[in-house]
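What the coordinates show
Listed here are the chains, written in short residue letters.
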Amino acid sequence: MTKVSRRAALAIMAGGVASTGIAYATVSSLSDEDLVRVTLERYFGRLNMRIEHLQQFVLEFQKRNPWIFPNTKLADAVTLLEALKLGAARRFLPERKKEDLRHFDRWVIAEFHMLTDYARRSSPADPVRFTGWQPCTNPFANLETQQDA
């Protein structure tokens, strides 16, 4: 049997405390922009989007859908797992949490298409810009209300 010296035990404990502190600092520094970015990159690949446009998109998304974001602990965990390319760990979550994340993903993707020029860029290399809510530009749309006869 191997004996562990007092110094080795203290070194192991110090390493555990240090790694816990680093993990806590990493998770506590994550923001809503980080969650949105890793979610979008999961579906669209690397995004060419400036941080200012991403922040504007997240602010508008939160303003339009304040109830959609997952709770802070779940959001931080998902952001960290996606950043580490361990997104497959989602399958171990309880069913309700998985459904919340699927719902969030769907809303983020839909709003991303409506509030940015992602689909209207001339090439995939062009940067994605926040454009905000665009009014209907269909020349054949009937925007008048129906009058009862």
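Residues numbered from 1 in each chain as written. Predicted model: local features only at pLDDT ≥ 70, side-chain atom pairs only at ≥ 80, totals over all residues. Heavy atoms only, no water.

1. Remarks on the confidence of the model for the chain
Put simply, the rule reads: On a range of 0 to 100, pLDDT expresses the predictor's confidence in each residue. By the criteria applied, helices consist of DSSP H or I runs no shorter than four residues and strands consist of E runs no shorter than two, each listed in order from the N terminus.
In this model, the chain carries a mean pLDDT of 83, and residues with pLDDT of at least 70 account for 83%. Mean pLDDT across the secondary structure elements of the chain bottoms out at helix H1 (residues 6-28), with 66, and peaks at helix H3 (residues 51-64), with 93.

2. Brief notes about the environment of Asp117
Heads up, the rule is: For this analysis, residues touch if any pair of their heavy atoms sits within 4.5 Å.
Within the element layout of this structure, Asp117 appears in the segment after helix H5 (95-115). Spatially, the C-alpha atoms of Asp117 and Arg129 are 5.8 Å apart, while their sequence positions differ by 12 residues. The contacts of Asp117, once residues within four sequence positions are left out, are Pro127, Val128, Arg129 and Thr131.

3. Description of the packing of helix H2 (residues 32-44) against helix H4 (residues 72-83)
This is how it is decided: Inter-axis angles, ranging from 0 to 180 degrees, are taken between N-to-C directions of lines fitted to C-alpha atoms, where helices are fitted over the stretch in contact. To sort the angles, those under 35 degrees are grouped as roughly parallel, those over 145 as roughly antiparallel, those from 65 to 115 as roughly perpendicular, and the leftovers as oblique. Two helices that cross are described as forming a left-handed crossing if the nearer one is turned anticlockwise from the farther one by less than a right angle, and a right-handed crossing if clockwise. Asp, Glu, Lys and Arg are counted as charged, while Ala, Val, Leu, Ile, Met, Phe, Trp, Tyr, Cys and Pro are counted as nonpolar; the rest, among them Gly, fall into the polar class.
Their axes nearest at 9 Å, the elements H2 and H4 cross at an angle of 45°. Classified by the angle between their axes, H2 and H4 sit oblique to one another. The crossing of H2 and H4 is left-handed. Where H2 approaches H4, its residues Asp34, Leu35, Val38 and Arg42 are matched on the opposing element by Ala75, Val78, Thr79, Glu82 and Ala83. Considering only residue class, the contact of H2 with H4 consists of five nonpolar, one polar and three charged.

4. Brief notes about the packing of aromatic side chains
Rules: The rule is short: rings of Phe, Tyr and Trp, with Trp giving its six-membered ring, pair when the centres are within 6.5 Å, and they are stacked under 30 degrees, edge-to-face over 60, tilted in between.
If you walk through the whole model with that rule in mind, you get eight aromatic pairs. Centre to centre, the rings of Phe44 and Tyr118 are 4.7 Å apart; their planes meet at 45°, and the pair counts as tilted. With Phe44 in helix H2 and Tyr118 in the segment after H5, the pair connects residues that are 74 residues apart, well separated along the chain. An aromatic cluster of at least three residues, connected via ring pairs, comprises Phe44, Phe57, Phe61, Phe69, Phe104, Phe112 and Tyr118.

5. Quick word on the side chain of Thr116
For the record, the criterion: Think of it in three bands: with a 1.4 Å probe and only protein chains considered, a residue is buried below 20% of the maximum accessible area for its type, exposed above 50%, and partly exposed in between. We define a polar contact as two N or O atoms separated by no more than 3.5 Å, with the added condition that, inside protein, one atom must be a possible hydrogen donor and the other a possible acceptor, whereas residues neighbouring each other in sequence contribute only through side-chain atom pairs.
Mapped onto the elements of the fold, Thr116 is located in the segment after H5. Residue classification places Thr116 among the buried residues on the basis of a relative accessible area of 0%. A polar atom in the side chain of Thr116 sits 2.5 Å from the backbone oxygen of Phe112. Within the local environment of Thr116, its side chain forms a polar contact with the backbone nitrogen of Tyr118, the two atoms lying 3.4 Å apart. Sequence-distant contacts of Thr116, that is, excluding residues within four places in its chain, are made with Met49, Phe57, Val128, Arg129, Phe130 and Thr131.

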